[in-house]
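# Notes for the structure review
The chain contents come next:
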Amino acid sequence: PRGSAGAVPRLTLSLCPQVSAAAAAGAFPKRVKVVEVGPRDGLQNEENVVPTPVKINLINMLSETGLQVIEATSFVSPKWVPQMADHAEVMQGINKLPGISYPVLTPNLKGFQAAVAAGAKEVSIFGAASELFTKKNINCSIEESLERFAEVMAAARAASIPVRGYVSCVLGCPYEGKISAAKVAEVSKKMYSMGCYEISLGDTIGVGTPGSMKEMLTAVMKEVPVGALAVHCHDTYGQALANILVALQMGVSVVDASVAGLGGCPYAQGASGNVATEDLVYMLNGLGIHTGVDLQKLMDTGTFICNALNRRTNSKVSQASCRL
Amino acid sequence: QESQASGLPEYIKIVEVGPRDGLQNEKVIVPTDIKIELINRLSKTGLPAIEVTSFVSSKWVPQMADHKEVMRGIERHPGVQYPVLTPNLQGFHSAIAAGAKEVSVFGAASESFSKMNINCSIEESIEKFEEVAKSARNMNIPVRGYVSCALGCPYEGNVTPAKVAEVSKRLYSVGCYEISLGDTIGVGTPGSMKRMLEAVMKEIPLSALAVHCHDTYGQALANILTAIQMGVSVVDSSVAGLGGCPYAKGATGNVATEDVIYMLNGLGINTGANLYRVMEAGNFICTALNKKTNSKVAQASFNTGTIN
């Protein structure tokens, strides 16, 4: 039930034992939904800012690759995130292909209303498993941040708009260091019970390894059905694909990634951030897992945006395939 | 306890191939004293095996022309193995004369690759290695066997698991104590790694297997994880990810030792290696080569100034 609102699809998933059984047998999911976060998470964390037409072209090219979900922009104040200042123009300017979801970030009710006015049909909210991270990022406690989101949830429900929930720092925090799996499970459970149809678990600083990923997911899966879980791995320590592999083995079938690995790590200067969508799709293809994504078209899109940003790709598949 | 509960090996032997496989595939040739310094630093990291050099004609591999001087010049730390490559009997004798106590031979699972690389068929190459192995056995010198193109070949494309198993079995039967299965062009994924290992494990005991993964397509750690989940307990890697891919210009090659150790540490698997010291050795050689490290762990750690 991609992008559909309401409790019914979630209930169906939680009654569906196949996913857990298959995972127990060590099998991989047959299909994985790739959530492309390059235009938002990627561009937001790039040094160079690209003009609106380039952003729109990027999203339009991504729409032709077979990706089903493309995170388009963020309705947050340009004071805080200047790279996303053109959110309304981007939202209104992109081709919205049928069958593709274009979620946008909405940190509060005001952002939500602006998003809907600009044509958004799906939104995302961001929580964190670390008090210190929440304090530093949005100047309040986790509990307070969830209270703010409750407003967004109510408005989204009234407008039949599905909400995706992100949990940051699930495998470690730049300020607190170690994060307990129990805390991640607690925050995930809260966001899920508030009405998020999917919870994306983010290894924000990429410190996780298959060991900590497994431990964290085991705890979270006790509170949230695996069909409603996604992983958002950063490749800052080169661990992303190995972490994603473990998540897949445990039954997770939604994976976030960023074309060309756009988006550095704001906590480690010069280090990489998001895992590259091309490298993820390459691995999934090799595992015989269906994604619907055309790898060549994806690489071409990565080439386009890297040229526009005047930077080299972070995708190894792209690097290896380049004949220049 | 963590690794035991997960069914993973408790201990993994890392075979450090930076000084040989790494430097051999770098554009810049480093002077002998830098090579020696690198190996000496690696000897202090806790890594149990360091591939030192290659006793191959300097006509073919100029980067390894100083093999004798390097072999004679390095410190030998107790408990650390220092294997060297020996493509034939002549190289073997030269290696022994220079003080080598362990050697490696290189086969391939692809006829085309064997022809293009060493100008003979797989069987012909194994006959040469058999000569080396016989002499080695007489002198109590262990021989490690490499199988290249285990997950794909730059000329033939797809390589069957059956072929890899066949070549591995041949090498094992002529006396190699360990077979290192190499994803030479890094095209493998956890899917192909699993299928290949399943075939090879029918012919060779698990404890005699190693994986040598290239990170050219970013798949190395996922492939290594798959291998260790299947019980493989020997992993080859290269400090700072030294050694590009000769078949894909500008692409990376060897997986970085630092990144492997980071993953194994996180899994609670013992390697005996001190990650920080390996990063320092990596930093040393990258400075000497005037290049950026290929290790993401090193990149992230040196930029935050903290080690996680």
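Predicted model, so just to flag it, every value in this text is computed and none were measured. (Residues numbered from 1 in each chain as written. Chains lettered and ligands numbered in written order. Predicted model: local features only at pLDDT ≥ 70, side-chain atom pairs only at ≥ 80, totals over all residues. Heavy atoms only, no water.)

### Here's the deal with helix 10 (residues 220-229) of chain B
Residues and elements named next belong to chain B.
- Burial within helix 10 is extensive, with nine of its ten residues counted as buried.
- Turning to helix 10, its buried residues number three or more, namely Ala220, Leu221, Ala222, Asn223, Ile224, Leu225, Thr226, Ala227 and Ile228.
- Positive backbone phi, at 105°, marks Gly231, one or two positions downstream of helix 10. (Buried < 20%, exposed > 50% of the residue type's maximum accessible area, 1.4 Å probe, protein only. Helix = DSSP H or I, 4+ residues; strand = E, 2+ residues; numbered from the N terminus.)

### A look at the UniProt feature "domain: Pyruvate carboxyltransferase" (unreviewed entry) in chain B
- The UniProt feature table records "domain: Pyruvate carboxyltransferase" (unreviewed entry) at residues 12-279 of chain B.
- The span residues 12-279 of chain B shows a helical share of 41% and a strand share of 13%, and its end C-alpha atoms are spaced 19 Å apart. (UniProt positions renumbered as here; feature names shortened; annotations may be inferred.)

### Here we look at the UniProt feature "domain: Pyruvate carboxyltransferase" (unreviewed entry) in chain A
- Within this numbering scheme, the UniProt entry marks residues 32-299 of chain A as carrying the feature "domain: Pyruvate carboxyltransferase" (unreviewed entry).
- Across residues 32-299 of chain A, helical content stands at 41% and strand content at 14%; the span's end C-alpha atoms are separated by 19 Å.

### Observations regarding the packing of aromatic side chains
- For the structure on display, the rule yields six aromatic pairs over all chains.
- Between the aromatic rings of Tyr282 of chain A and Tyr217 of chain B, the centroid separation amounts to 4.9 Å while the plane-to-plane angle is 20°, which identifies the pairing as stacked. With Tyr282 of chain A in helix 12 (residues 277-286) and Tyr217 of chain B in the loop between strand 7 (209-213) and helix 10, this residue pair bridges two chains.
- Directly above the ring of Tyr166 of chain A sits Arg164 of chain A, whose terminal nitrogen or CZ lies 5.1 Å from the centroid.
- Positioned over the ring face of Tyr146 of chain B is Arg144 of chain B, at 5.1 Å from the centre of the ring. (Phe/Tyr/Trp six-rings, centres within 6.5 Å; stacked < 30°, edge-to-face > 60°. Lys NZ or Arg CZ within 6 Å of the ring centre and 35° of its normal.)

### Side note on the interface of chain A and chain B
- The partner chain B presents 36 residues to the 34 residues of chain A that form the contact.
- Together chain A and chain B conceal approximately 2,700 Å² of surface at their shared face, both sides included; 56% is due to carbon and sulfur atoms.
- Applying the counting criterion to the chain A and chain B interface returns two salt bridges.
- With a closest N to O distance of 2.6 Å, Asp215 of chain B and Lys316 of chain A form a salt bridge.
- For the interface between chain A and chain B, the tally reads ten residue pairs in polar contact (both at pLDDT 80 or more).
- Residue assignment for the side of chain A that touches chain B shows that the elements contributing at least two residues are helix 10 (210-220), helix 11 (240-249), helix 12 and helix 14 (316-321) of chain A. (Contact = heavy atoms within 4.5 Å. Buried area = accessible area lost by both parts, 1.4 Å probe. Salt bridge = Lys/Arg side-chain N within 4 Å of Asp/Glu carboxyl O. Polar contact = N/O pair within 3.5 Å; in protein donor to acceptor, adjacent residues only side chain to side chain.)

### Some points on the sheet that holds strand 4 (residues 103-108) of chain B
Residues and elements named next belong to chain B.
- Pairing is parallel across the open sheet formed by eight strands, whose spatial order is 2-1-8-7-6-5-4-3. Of all strands in the sheet, those with a lone pairing partner are strand 2 (49-50) and strand 3 (84-85), marking the two edges.
- For strand 4 and strand 5 (residues 143-148), the ladder comprises six bridges, and the chain directions are parallel. Across the sheet, the residue bridging to Ala108 is Ser148, located in strand 5.
- Sheet strands touched by helix 10: strand 6 (178-183), strand 7 and strand 8 (234-237). Its angle to strand 7, the strand with the most contacts, is close to 170°. (Pairing = 2+ DSSP bridges. Axes fitted to C-alpha atoms, helices over the stretch in contact; angles between N-to-C directions.)

### Section: the pairing of strand 8 (residues 229-233) of chain A
Residue and element names in this part refer to chain A.
- Within strand 8, five of the five residues are buried, which leaves it mostly tucked inside the rest of the structure.
- Burial along strand 8 is two-sided: the face carrying Leu229, Val231 and Cys233 and the face carrying Ala230 and His232 are both buried.
- Pairing analysis gives five bridges linking strand 7 (residues 198-203) to strand 8, with the strands arranged parallel. Its bridge partner lying in strand 8, Ile199 is registered against Leu229.

### Some thoughts on the pairing of strand 7 of chain A
Residue and element names in this part refer to chain A.
- Counting buried residues along strand 7, six of its six residues qualify, which places the element largely inside the surrounding structure.
- Of the two faces of strand 7, the one lined by Glu198, Ser200 and Gly202 and the one lined by Ile199, Leu201 and Asp203 are each fully buried.
- Where strand 6 (residues 163-168) meets strand 7, four bridges bridge the pair, whose relative direction is parallel. Bridging across to strand 7, Val167 finds its partner in Leu201.
- Between strand 6 and its parallel partner strand 7, the chain crosses via helix 9 (residues 181-193), and the hand of that crossover is right-handed.
- The β-α-β motif built from strand 7, the intervening helix 10 and the parallel element strand 8 has right-handed crossover chirality. (Right-handed = clockwise from strand over helix to strand, strands pointing away.)

### Digging into the nonpolar core
- Among the nonpolar cores identified, the biggest contains 207 residues, and Leu201 and Ile244 of chain A together with Leu181, Ile224 and Ile228 of chain B are the most heavily contacted of them.
- Ignoring any residue separated from it by four or fewer positions in sequence, one finds Leu201 of chain A in contact with Val167, Val170, Val184, Ser188, Met216, Leu217, Val220, Leu229, Ala230, Val231 and His232 of chain A. (Core = buried A, V, L, I, M, F, W, Y, C linked by side-chain atoms within 4.5 Å.)

### Quick notes on a negative patch on the surface
Residues and elements named next belong to chain B.
- A contiguous patch of negative charge, built from Glu111, Glu124, Glu127, Glu131 and Glu156, is present on the exposed surface.
- Among the elements that take part in the negative patch, helix 7 (residues 122-138) stands out by supplying three residues, more than any other.
- If you trace the backbone, Glu131 turns up in helix 7. (Patch = residues over 30% accessible without salt bridge, like charges linked within 9 Å, V, L, I, M, F, W, Y side chains within 5 Å. Areas by Shrake-Rupley, 256 points an atom, 1.4 Å probe, with all protein chains shown as cover. Lys, Arg positive; Asp, Glu negative; His and termini not counted. Charge placed at Lys NZ, Arg CZ, Asp CG, Glu CD.)

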